[in-house]
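Observations on the model geometry
Each chain, written out:
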Amino acid sequence: MAQYILKRVLIAIPVLIGISIIAFFLIRLVPGDTVTAMLGAHYSEERAETLRAAYGLDRSIIAQYGIWASHVLQGDFGYSYFTGQPVLEAILQRLPVTLQLTAMSIIIAILVGLPLGVLAALHRTSVIDYLASFTGLIGVSVPHFWMGTLMILFFSLYLGWLPSGSFVGIAESLIDNLRHLIMPAAALGIYVGAVVTRMTRSSMLEVLGQEYIKMSRAKGTPRRHLIYVHALKNALIPVITIIGIQMGYLLAGQVVMEQVFALPGVGRLAIQSIANRDYILMQGTILFIGTAFVLINLLVDILYALINPQVRY
Amino acid sequence: MEIIYRFYKNRLAFIGFILIVLYLLMAVLAPLIAPYDPYEMDRDKMLKEPDSENILGTDQFGRDILSRIIHGSRISLQVGVISVGISLLFGVALGTVAGYYGKWIDYGLSRVIDVMFSFPDILLALVVMAILGQSLVNVMIAIGIVYTPIFARIARGSVLAMKSSLFVEAAKSMGVSNFTIIRRHIIPNITAPLIVQATLSFAFAILAEAALSFLGLGVEPDVPSWGIMLNDGKDWMERAWWIAVFPGIAISLAVLCFNLTGDGLRDSLDPTLRNEVL
């Protein structure tokens, strides 16, 4: 097992270096002088000189990458030229909202996707099965940001039940916090739930057709015990993986969703940095999201190997 | 023939295919079938509810929503064809070279593909747009870059499976050049999974363009793109729900029919993959 983990970590290292190279070159690809791009409206000769010295901008590109990488490894992502705030601080400040939205979306996806997938597999070619397949297809076809817009239209503007366009922290009021996050979480959760439904259904069908299930049935195991203990336990293995992978994709979904609901998360920070041409902040958020994505996938792979010894080839 | 029959028997996939044909016809015939000019503004018709004159209503500038949706299908079709074309071309080239030549070339290219896969798709597209600037051409390039690694991975896997086959070994022993082996013997044999992925990627491309334009970082604001229409609509939701609702239905339907057809093609081309999840 240790060998497998080591192998996966060793594969992740060059990918992380690759992400850092992309993030590093991002600013260099912007047309014009790098220092001007970094300072934007705050440009002055004095500041430009300080920046050139700090990041070795008069040295070779490899030396520049080395200096930048050592800054990043020490947690120095630079400063947002728009707000003057340290980039890492800005990201960490917004991270709880993104994490909470991810957690809520995953919970909704599991609550919807898992039972629907199991029911569809147990009642194959029935109305439930077609309903699950149809819901699954709708879930992956309808743009989630449009789903979010429709929810605002219906639940906020028409019914007036839920607030939209603002945010209340969990520390201020848990109820208000949940009321603000339930719509974006549901819009994202439906998409992930659709994928979970499809995976659960096909995984359950595969397990239900296996010899040991037939054997158990022949030995008189009660149906409920057979389905929920023997079959579901094994069918869940690929489902857990797909949920893990979706967690990474949720990071992407949130970039748009946080914008729709004006939520102060990392995704919105990334969009704002792009819209404001705040390149240092953009570099930081890209590096952060890319790294988080790789680490989540690494964790999922390791977890998958832990619960399914077959993958440790 | 058997593949076509299997595809035809898959009712949902066939419906999806028919819808794609209708969508293509709508895009091609847009100037003929759209009731109004999609750019024509009319102060007297601003935010008009759907009625017999403007079936899907008008937007904040008095432009006809139906006409803009019909013309918008051209934009999404253009984005789909060109961006999937870019991904297919570069992805297949990268994947084939990596799979065929192996060793350090494979290791190097595979890591490049891994790095591209490490960014959430929409974020990578946003970064490319931030560098290139806002325009329709740049949207197509950005989406093309984002989906290149998927094709590269599929091509690499298929080439790896194919390169140890007898006919490739035979061609090699006869002194056929690597380029000819790849072009004449390998590429034609890996087209099935690529066609399936191209169909599904078409759906992703429509969604990605809509998302970029919705965020105001996609095509130019005056272009009648479905994403731009959604972006306009969200600011007018309280007064005119129809601006945001109808373009969303158009996007969902287009994506749905490409998803249905892609799934159906996958089942028809390789029945062993049936029930496989996305």
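Definitions and cut-offs
- Residues numbered from 1 in each chain as written.
- Chains lettered and ligands numbered in written order.
- Predicted model: local features only at pLDDT ≥ 70, side-chain atom pairs only at ≥ 80, totals over all residues.
- Helix = DSSP H or I, 4+ residues; strand = E, 2+ residues; numbered from the N terminus.
- Buried ≥ 20, exposed ≤ 12 C-beta atoms within 10 Å, placed from the backbone.
- Contact = placed C-beta atoms within 7 Å.
- Nonpolar A, V, L, I, M, F, W, Y, C, P; charged D, E, K, R; others polar.
- Core = buried A, V, L, I, M, F, W, Y, C linked by C-beta atoms within 7 Å.
- Axes fitted to C-alpha atoms, helices over the stretch in contact; angles between N-to-C directions.
- Left-handed = near helix turned anticlockwise from the far one by under 90°.
- Parallel < 35°, antiparallel > 145°, perpendicular 65-115°, else oblique.
- pLDDT = per-residue confidence, 0-100.

**Thoughts on the overall build of chain B**
- For chain B, the helix and strand inventory stands at 12 helices and zero strands.
- Order of helices (α) and strands (β) in chain B, N terminus to C terminus: α-α-α-α-α-α-α-α-α-α-α-α.
- Seen through its C-alpha atoms, chain B measures out along the principal axes to roughly 75 × 45 × 30 Å.
- Out of the 278 residues in chain B, the part that is buried amounts to 51%.
- Here the contacts in chain B between residues at least 6 apart in sequence split such that 68% fall between residues at least 24 apart.

**Here we look at the overall build of chain A**
- If you tally the helices and strands in chain A, you get 12 helices and zero strands.
- Along chain A, from the amino end to the carboxyl end, the secondary structure elements read α-α-α-α-α-α-α-α-α-α-α-α.
- Relative to its full complement of 313 residues, chain A shows a buried share of 39%.

**Examining the interface of chain B and chain A**
- At the interface, 36 residues of chain B touch 41 residues of chain A.
- Only helix 5 (103–117), helix 6 (121–132), helix 10 (191–214), helix 11 (226–235) and helix 12 (242–269) of chain B provide two or more residues apiece to the side of chain B that touches chain A.
- Looking at the side of chain B that touches chain A residue by residue, the classes come out as 25 nonpolar, five polar and six charged.

**Concerning the environment of Ile75 of chain B**
Residue and element names in this part refer to chain B.
- Looking at where Ile75 falls in the secondary structure, it is placed in helix 4 (residues 65–101).
- C-beta crowding within 10 Å serves as the criterion here: with 25 such atoms nearby, Ile75 is assigned to the buried category.
- As a C-alpha pair, Ile75 and Glu209 span 134 residues in sequence and 9.3 Å in three-dimensional space.
- Filtering out sequence-adjacent residues up to four positions away, Ile75 remains in contact with Val219, Val223, Pro224 and Ser225.

**Points about the nonpolar core**
- Core analysis: the biggest nonpolar cluster contains 164 residues, and Ala270 of chain A together with Leu123, Ala125, Ile143, Ala208 and Ala211 of chain B have the highest contact counts within it.
- When residues in this core are grouped by element, the largest group, 16 residues, is from helix 8 (residues 174–208) of chain A.
- In this structure Ala208 of chain B touches Asp121, Ile122, Ala125, Ile143 and Val146 of chain B, once residues within four positions along its chain are discounted.

**What about helix 11 (residues 266–275) of chain A?**
- When you tally the buried positions in helix 11 of chain A, you get nine out of 10 residues, the bulk of the element.
- Inspection of helix 11 of chain A places Val266, Gly267, Arg268, Leu269, Ala270, Ile271, Gln272, Ser273 and Ile274 of chain A among the buried residues, and these make up the whole buried set.
- Elements that come into contact with the buried residues of helix 11 of chain A comprise helix 5 (87–122), helix 10 (223–260) and helix 12 (279–307) of chain A together with helix 6 of chain B.

**Observations concerning unusual backbone geometry**
Residues and elements named next belong to chain B.
- In this structure, Leu47 is a non-glycine residue whose phi angle is positive, near 50°.
- Position of Leu47 relative to the elements: it lies in the loop between helix 3 (30–33) and helix 4.
- Of note in the backbone geometry, Lys103 takes a positive phi value of approximately 45° without being a glycine.
- One can find Lys103 in helix 5.
- Of the residues examined, Lys103 has 8 C-beta atoms within 10 Å and is grouped as exposed.

**A word on the packing of helix 4 of chain B against helix 12 of chain B**
All names here are of chain B.
- The contact between helix 4 and helix 12 brings their axes to 11 Å, and the two run at 35°. For the pair helix 4 and helix 12, the sense of crossing is right-handed. Only Trp242, Ile243, Phe246, Pro247, Ala250 and Ala254 of helix 12 make contact with helix 4, whose side of the interface consists of Ile65, Ile69, Gly72 and Ser76.
- Across the contact of helix 4 with helix 12, the residue classes break down as eight nonpolar, two polar and no charged.

**A look at the packing of helix 10 of chain A against helix 11 of chain A**
Residue and element names in this part refer to chain A.
- Packing of helix 10 against helix 11 brings their axes to within 7 Å, and their N-to-C directions diverge by 85°. Relative to helix 11, the element helix 10 is oriented roughly perpendicular. Of the residues in helix 11, those in contact with Gln254, Val255, Glu258 and Gln259 of helix 10 are Gly267, Arg268, Ala270 and Ile271.

**Section: the confidence of the model for chain A**
- On average, residues of chain A carry a pLDDT of 84, and 96% of them reach 70 or more.
- Per-element confidence in chain A ranges from a low mean pLDDT of 72 for helix 2 (residues 34–39) of chain A to a high of 91 for helix 5 of chain A.

**Here we look at the environment of Thr98 of chain A**
All names here are of chain A.
- Tracing the backbone through its elements, the reader meets Thr98 in helix 5.
- C-beta crowding within 10 Å serves as the criterion here: with 24 such atoms nearby, Thr98 is assigned to the buried category.
- For Thr98 and Arg198, which are 100 residues apart along the polypeptide, the C-alpha to C-alpha distance reads 26 Å.
- Apart from the residues within four sequence positions on either side, Thr98 is in contact with Gln254, Gly265, Val266 and Gly267.

**Here's the deal with the confidence of the model for chain B**
All names here are of chain B.
- For chain B, the mean per-residue pLDDT works out to 86, and 96% of the residues sit at or above 70.
- For chain B, per-element mean pLDDT is lowest for helix 1 (residues 2–9), which scores 74, and highest for helix 4, which scores 93.
- Overall, residues 273–278 carries pLDDT values under 50, and its contacts beyond four positions in sequence, including any with other chains, amount to 14 contacts.
- Note on the complex model: pTM 0.84, ipTM 0.82.

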